[in-house]
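Geometric and topological summary
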Amino acid sequence: MNLNTLWEYANPKKFIQTTDRVLPWVAGLAALTLGAGLVWGFFFTPDDYRQGSTVKIIYLHVPSALMAINAWLMMLITSLVWIVRRHHVSALAARAAAPVGLVMTLIALLTGAIWGQPMWGTWWAWDPRLTSFLILFLFYLGYIALWAAIENDDTAADLTSILCLVGSVFALLSRYAVNFWNQGLHQGASLSVAPGERMAMTFKLPLYVSMAGFVLLFVALVLMRTRTEIRARRLRVLIARQRMEHA
Amino acid sequence: MPDLGKYADAVLSAYALSVVLIVALIVVSVLRSNRMRTDLQTIEKKLKTDG
Amino acid sequence: MRAGGGFGLGLSFFLIVVVLVPFSVGPQNALLAEIAPGVLWLGALLACLLSLDRIFALDWEDGSLDLLATSPLPMEAIVSVKALAHWLTTGLPLVLAAPVLGLLLSLPQEGYRWVIISLFLGTPALSVIGTFGAALTVGLKRGGLLLSLLVLPLYVPTLIFGAEVARRGAEGLAVTTPLLLLAGITCGTIALLPFASAAVLRVNLR
């Protein structure tokens, strides 16, 4: 696709028109893929010889963790696009993605805790990966709270974009800091189960389907929520104009 | 229903929690989307008749 | 430039937090000695947080922030000076008070040096990061709680490396690596974050 046509979708009207046609397909495909991946994973995969049936949690845990990070990455990119090119759709897409990312982080944390209980004998350990996700969760909360606190749309878009940029740097720093800090405590004895290590195809294939399902679900939700944010913004503008006329 | 053995509670609760969270997210998003669409239509119609 | 008052408030808060710790975990000296470096760091961090919303509040209310913005001084310099003022009135007193409060927590003898050094190196980063948070929330009514929610996750790396230096120092272990990383974070935030704070302040003054 050539870049000029890509920027056309930055026009809110054009975006709504296009997604009118695209969204039902994406949503349908997401439902199909996610359903297939989870049903396959839950009903038709064998138990692991070491982890028993808990291995089935991987079809939720890994894709949600993946999307938790990718959602933040998407927010970082759309924030940059807003700062550089000032397309409203871009800023609103970042706003729309944040709650989705928050829920994905929550799912990753919860399924991780439920998986950790029988495998490690504890719901929670201050393992670097777990800790990083908890910190990511806090970053999402702060970002969403800042959007909610500011009334002027453009000011909110500017401030949250800069927060997203600065937050990304500090999230990366925290990741390294947490790695360092935990090694300091446990001398490198990590509890993490490395996924993907010598994983058989019978586990891998449904995992890939489930990952695709989560990606499509994310895309469908962000498209829909961006449309909502565009309409909400227009609604605020209209109400403000009306008030001015009647005043 | 597959035989989940002694880990049935863990696997079932993980799936139940995740499905509940995802469904809740979808429901909230759809409801807000519909409400915003009707609100916007109402006010646009009103503006058209006013002006 | 005014720092916005509350000079003794942070110090008093630091003292109270440290006094409350034995009440909550019990009066065993061995336990207190073990957690003392971490408690001192956490107490200093929270005391620092307490005074952040005053960095710009007074100047915002009486309009002198708009005046500063139109002055020939670049915004980056203004936020840096504001951060420095916050550190001088809040961070530095906390560093100086930490050894006295260490006595209350029976901090091990070797710990004093490293608690002071780590706080001295780390609190400037806390002030600079806090100034960024204060700039984000400057125009908001009741922005205090939001400010904490925004700033605390950003404090994580500084807290980890700072407390690590203090803890290792107190246990008599090597501190070079976390000390260098802490210094790196402080230098990095002082050098780069004022640009973000200035950008945010310009948006809020628009």
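Keep in mind it's a predicted model, so treat the numbers as computed, not measured. (Residues numbered from 1 in each chain as written. Chains lettered and ligands numbered in written order. Predicted model: local features only at pLDDT ≥ 70, side-chain atom pairs only at ≥ 80, totals over all residues. Heavy atoms only, no water.)

Regarding the arrangement of the chains
Here 2 pairs of chains are in contact, and chains A and B lead that list by number of contacts. For the non-touching pair chain B and chain C, the nearest C-alpha separation works out to 23 Å. (Contact = heavy atoms within 4.5 Å.)

Brief notes about the confidence of the model for chain C
Here chain C shows a mean pLDDT of 90. Residues at 70 or above account for 97%. On the interface metric, ipTM, the complex scores 0.90, and its pTM is 0.91. (pLDDT = per-residue confidence, 0-100.)

A look at the interface of chain B and chain A
The partner chain A presents 38 residues to the 30 residues of chain B that form the contact. In total, about 3,100 Å² of surface goes out of reach between chain B and chain A, with carbon and sulfur atoms giving 76% of it. The largest share of the area that chain B buries against chain A comes from Tyr 7, Tyr 15 and Leu 25 of chain B, three residues that together contribute 21% of it. Applying the counting rule to chain B against chain A returns 2 salt bridges. A salt bridge links Arg 234 of chain A to Glu 44 of chain B; the shortest N-O distance between them is 2.8 Å. The interface formed by chain B and chain A contains 4 residue pairs in polar contact (both at pLDDT 80 or more). A per-class count over the side of chain B that touches chain A returns 19 nonpolar, 4 polar and 7 charged. (Buried area = accessible area lost by both parts, 1.4 Å probe. Salt bridge = Lys/Arg side-chain N within 4 Å of Asp/Glu carboxyl O. Polar contact = N/O pair within 3.5 Å; in protein donor to acceptor, adjacent residues only side chain to side chain. Nonpolar A, V, L, I, M, F, W, Y, C, P; charged D, E, K, R; others polar.)

Observations regarding the packing of helix H3 (residues 58-85) of chain A against helix H4 (residues 88-120) of chain A
Residues and elements named next belong to chain A. It is at 7 Å that the axes of H3 and H4 come closest, and there the two elements cross at 155°. Between H3 and H4, the crossing angle belongs to the class labelled roughly antiparallel. At the point where H3 passes H4, the crossing takes the left-handed sense. Of the residues that constitute the contact of H3 with H4, the class distribution is 19 nonpolar, 10 polar and no charged. (Axes fitted to C-alpha atoms, helices over the stretch in contact; angles between N-to-C directions. Helix = DSSP H or I, 4+ residues; strand = E, 2+ residues; numbered from the N terminus. Parallel < 35°, antiparallel > 145°, perpendicular 65-115°, else oblique. Left-handed = near helix turned anticlockwise from the far one by under 90°.)

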